[in-house]
Amino acid sequence: MKHKYIVGIYDDDDKLVDAVKRFAQEGYRVHECYTPFPVHGLDIAMNLQDTRLHTAGFVYGATGTLTAVITMTLIQVMDWPLIVGGKPFFALPSFVPITFELTVLFAAVGMTVTYYLRNGFSIFKPVEIVDRRTTDCKFALVMCCKQYNKDDEQQAIRQLMRETGAEEVNDRLLNNELLPNLYKHGDEHAHAAHH
Amino acid sequence: MKYTVWGDFAANVVCFPHIPYIPNKLPCLCGMEVVWYLFNLRNLFPIMANIDHLQFVATGKEQRNIMILMVVGLVLALVGVFLNIDNPTRIWTALLYNTFFTVGIALAATFFIAANTQGYGGWYIMFRRVMEAMSLYLPVGGILLLVVVFLGMGHIYHWLDPSLTDPASPHYDKILAGKSAYLNKPFFLGRIVLYVVAWSAFAWFLRRNSLEGDKGYNQKLYQNSKYIAAFFIVFFAVSESMASWDLFMSIQPHWYSTLWGWYNFISYFVTGMSVTYLLCAYLKTRGYLPYMTDEHFHDIGKFMFGFSIAWTYLYFSQFMLIWYSNMPEETKYYEIRNAHYPILMWFTFILNFITPFLILVTRGAKRNFKVACTLGAVIIFGHWMDFFQMSMPGALANMSHGGHEVHFSGIGLLEIGIFCFYIGLFLFVFFRNLAAAPMLPVNHPFVKESFVHHT
């Protein structure tokens, strides 16, 4: 099934941020933005929720710490105790470097995998780019036609994009659905007011 | 001070080199007024019209509180001195580590300015005058350090005893005789004088350039500051390491650790960043620094957090390697501390690592004055104890070889009194220097960058 999106192309990051703010004022929910570089203030304008990736990172890290300590204890204290340099079997200081390494490894790999899964990146999935120029010099604002499925709504969106300085307004059909963002609480009310 | 056209011109070219600078062609066409209007920072940031006149004035209450702190500290210290009159080693070592602790805070500020100048850092311009005022404690603290070292070194440094390097003497120490090319009195004193003079000079030069900049924009001053900063960083990298060997590692002259210099530096650098946070937060609530936002505080908080972990890394690395290899000449350091100050060792570790790590790790904590300032105070206190355990146990153990039994004293009235006095003195010098200049170096090329700073 094809998914339809309206894509507005801007040539400046300030214009994009202003356009996003304008869309929010009018009660629309911006589905996604694509920019060649991180734009300060765009996440706030889009009313995006703060990322929870760092919390996940902490959990992965703590898992790594526990794994390291438990594994080393099982091996070096319970299963096969060896006397090394007259140190006790449970020699905590010498466990610390390995614990540290495993913490970092678990956190790094876990966060990377989570990030890829959450964003729908996969080697098995064909890459669909909304507009290739967003990797170079243009800024794209994407609205979802599944949400705004009436013709008059879509016309209003196109009109608003042109008003806010979009160079082009295109329709794009994608095979893969763009994952919806997580919005901050309170966005639903603003959204409901529009209808 | 005057807001100059050329200041704005250069500020725009330096801050926004990617934007074509139109007025290059304009001046001959329409005169300077157009350029001034188009590119005056005040038009972009109307708030700056107020801030460039802002200058710190200490209230009577502040002056009184600082004086009270100093007097109370002095009284406590004197009581401590009378209680420990038979133990001059403790008195002089307490003076030494407290003096160097506050000098270290000023050094951290100087290093911070130099590193940011050299690395095109712009975000700190907002509170650069605060850092400068901190760095100007160097001459005062440096002179005190010289006084303490000149008067008290006989009570602190065991290796100064000439009989140790005399082959005919019964106390002849082969190891110390081998180290005497470096550890001898004239060279030692010369080095300390050199550190103090050079550090103070660098801090003063950086400050002078900053004050000169208030008279009008001058690109040469900025270049000049870059040279000073570069030379300072090179000199500091060597001298801070050597100063930490001279002042603290040589207290136990047989013992050595190759990461001691780093460990020392990070200990006072993280203290310096905490002091910066506390002072900036205080000045912000007083209404100076009105445009310093959460973003700036967040970044100072990151330094506090990051360098707490860096400190732990070095503290633990030093411990683990010595504990693991278990060689007598290395374990001496930890043997004394483990036997007589076990609580101090672990308490320092908890205060300086566990607390900042678990609490400052979140974004909200670094932006919350109450949480971050409490943590700042904890870090300052923790590193003050760290300096105690770097110096005091070794000095007491080594200097008491003259017959009577070693009394390993903990932190008492003496140390707390001297600490209070030094906090008072530091704040006194700090506020005086802060009041001597406007709160914002308006002609610095990176002022705009500081205003729009965003983490």
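Note that the coordinates shown come from a computational prediction; the quantities given were computed from them, not determined experimentally.

## Focus: the sheet that holds strand 1 (residues 3–10) of chain A
All names here are of chain A.
No. 1: With antiparallel pairing, 4 strands are arranged side by side in an open sheet as 2-3-1-4. If you trace the sheet from one side to the other, it starts and ends with strand 2 (32–34) and strand 4 (168–174), each paired once. With strand direction ignored, the average angle separating the axes of adjacent strands in the sheet is 25°.
No. 2: Direction of pairing for strand 1 relative to strand 3 (residues 139–144): antiparallel, over a ladder of 6 bridges. Note that in strand 3 the partner of glycine 8 across the bridge is leucine 141.
No. 3: Where helix 1 (residues 13–25) meets the sheet, its contacts fall on strand 1, strand 2 and strand 3, and the angle it forms with strand 3 comes to roughly 20°.

## Notes on the confidence of the model for chain A
No. 1: Of the residues in chain A, 94% reach a pLDDT of 70 or more, and the chain-wide mean stands at 89.
No. 2: The least confident element of chain A is helix 6 (residues 187–194) of chain A, whose mean pLDDT is 53; the most confident is helix 3 (residues 53–79) of chain A, at 95.

## Concerning the nonpolar core
No. 1: Residues Leu96(B), Phe127(B), Val130(B), Tyr157(B), Trp199(B) and Leu283(B) are the most contacted members of the largest nonpolar core, which totals 134 residues.
No. 2: Counting residues per element, this core draws most heavily on helix 7 (residues 88–118) of chain B, at 17 residues.
No. 3: When residues no more than four places from it in sequence are discounted, the contact partners of Leu283(B) are Phe56(B), Val130(B), Tyr288(B), Leu289(B), Phe430(B), Phe431(B), Leu434(B) and Met439(B).
No. 4: Judged by nonpolar contacts, the second largest core, of 26 residues, contains Leu16(A), Met46(A), Cys145(A) and Leu160(A).

## Describing the interface of chain B and chain A
No. 1: Taken together, the 8 residues of chain B in the interface contact 9 residues of chain A.
No. 2: Between chain B and chain A lies a buried interface of about 840 Å² when both sides are counted; carbon and sulfur atoms form 77% of it.
No. 3: The largest share of the area that chain B buries against chain A comes from Trp323(B), Tyr324(B) and His454(B), three residues that together contribute 56% of it.
No. 4: Counting every contact that joins chain B to chain A gives 0 salt bridges.
No. 5: Our count for the chain B to chain A interface comes out at 2 residue pairs in polar contact (both at pLDDT 80 or more).
No. 6: Partitioning the side of chain B that touches chain A into residue classes produces 5 nonpolar, 3 polar and no charged.

## Some details on the packing of helix 7 of chain B against helix 18 (residues 369–399) of chain B
Residues and elements named next belong to chain B.
No. 1: Their axes nearest at 9 Å, the elements helix 7 and helix 18 cross at an angle of 145°. Judged by the twist between their axes, the crossing of helix 7 over helix 18 is right-handed. Residues Thr89, Arg90, Thr93, Ala94, Tyr97, Asn98, Phe100 and Phe101 of helix 7 form the contact with helix 18, whose participating residues are Ile380, His383, Trp384, Phe387, Phe388, Ser391, Met392, Ala395, Leu396 and Met399.
No. 2: For the contact of helix 7 with helix 18, the residue count by class is 12 nonpolar, 5 polar and 1 charged.

## Description of the side chain of Arg367(B)
Residue and element names in this part refer to chain B.
No. 1: Along the polypeptide, arginine 367 turns up in helix 17 (residues 363–367).
No. 2: Its relative accessible area of 17% is what places arginine 367 among the buried residues.
No. 3: Engagement of the side chain of arginine 367 in a polar contact is seen with the side chain of histidine 298, the distance being 3.1 Å.

## Topic: helix 13 (residues 260–286) of chain B
No. 1: Across its 27 residues, helix 13 of chain B extends 39 Å between first and last C-alpha, which sits within 8% of the 39 Å expected from 1.5 Å per residue.
No. 2: Across the 27 residues of helix 13 of chain B, 21 count as buried, placing the element largely inside the fold.

## Quick look at helix 11 (residues 185–213) of chain B
No. 1: For helix 11 of chain B, with 29 residues, the first-to-last C-alpha span of 42 Å sits near the 42 Å given by 1.5 Å per residue.
No. 2: A side-chain oxygen of the first residue of helix 11 of chain B lies 3.1 Å from the backbone nitrogen of Phe187(B); this N-cap is Asn184(B).

## Details of the domain arrangement of chain A
Think of interface size as the accessible area that goes away when the parts come together; that is how it is often given.
No. 1: As assigned here, chain A comprises domain 1 (3–50 + 130–194) and domain 2 (53–119).
No. 2: A separation of 43 Å is found between the C-alpha centroids of domain 1 of chain A and domain 2 of chain A.

## What about unusual backbone geometry?
No. 1: Even without glycine at this site, Tyr120(B) takes up a positive phi of about 55°.
No. 2: The exposed category is assigned to Tyr120(B), whose relative accessible area is 53%.

## Digging into the pattern of salt bridges
Residues and elements named next belong to chain B.
No. 1: Inspection of the entire model under this criterion finds 19 salt bridges over all chains.
No. 2: The shortest N-O distance in the salt bridge between arginine 129 and glutamate 132 comes to 3.1 Å. In this pair, arginine 129 and glutamate 132 are both assigned in helix 8 (residues 128–135), 3 residues apart and thus about one turn of the helix distant.
No. 3: Classification of glutamate 132 as buried rests on a relative accessible area of 1%.
No. 4: Residue aspartate 299 is joined to lysine 302 by a salt bridge in which the shortest nitrogen-to-oxygen separation is 3.0 Å. With aspartate 299 and lysine 302 both in helix 14 (residues 294–325) and 3 residues apart, this pair spans about one turn of that helix.
No. 5: Owing to a relative accessible area of 39%, lysine 302 belongs among the partly exposed residues under this scheme.
No. 6: Via salt bridges that share partners, Arg128, Arg129, Glu132, Arg207 and Asp214 belong to a single interconnected network.

Reading guide: rules and limits
- Residues numbered from 1 in each chain as written.
- Chains lettered and ligands numbered in written order.
- Predicted model: local features only at pLDDT ≥ 70, side-chain atom pairs only at ≥ 80, totals over all residues.
- Heavy atoms only, no water.
- Pairing = 2+ DSSP bridges.
- Helix = DSSP H or I, 4+ residues; strand = E, 2+ residues; numbered from the N terminus.
- Axes fitted to C-alpha atoms, helices over the stretch in contact; angles between N-to-C directions.
- Contact = heavy atoms within 4.5 Å.
- pLDDT = per-residue confidence, 0-100.
- Core = buried A, V, L, I, M, F, W, Y, C linked by side-chain atoms within 4.5 Å.
- Buried < 20%, exposed > 50% of the residue type's maximum accessible area, 1.4 Å probe, protein only.
- Buried area = accessible area lost by both parts, 1.4 Å probe.
- Salt bridge = Lys/Arg side-chain N within 4 Å of Asp/Glu carboxyl O.
- Polar contact = N/O pair within 3.5 Å; in protein donor to acceptor, adjacent residues only side chain to side chain.
- Nonpolar A, V, L, I, M, F, W, Y, C, P; charged D, E, K, R; others polar.
- Left-handed = near helix turned anticlockwise from the far one by under 90°.
- Expected span 1.5 Å × (residues − 1).
- Domains from an automatic or database assignment.

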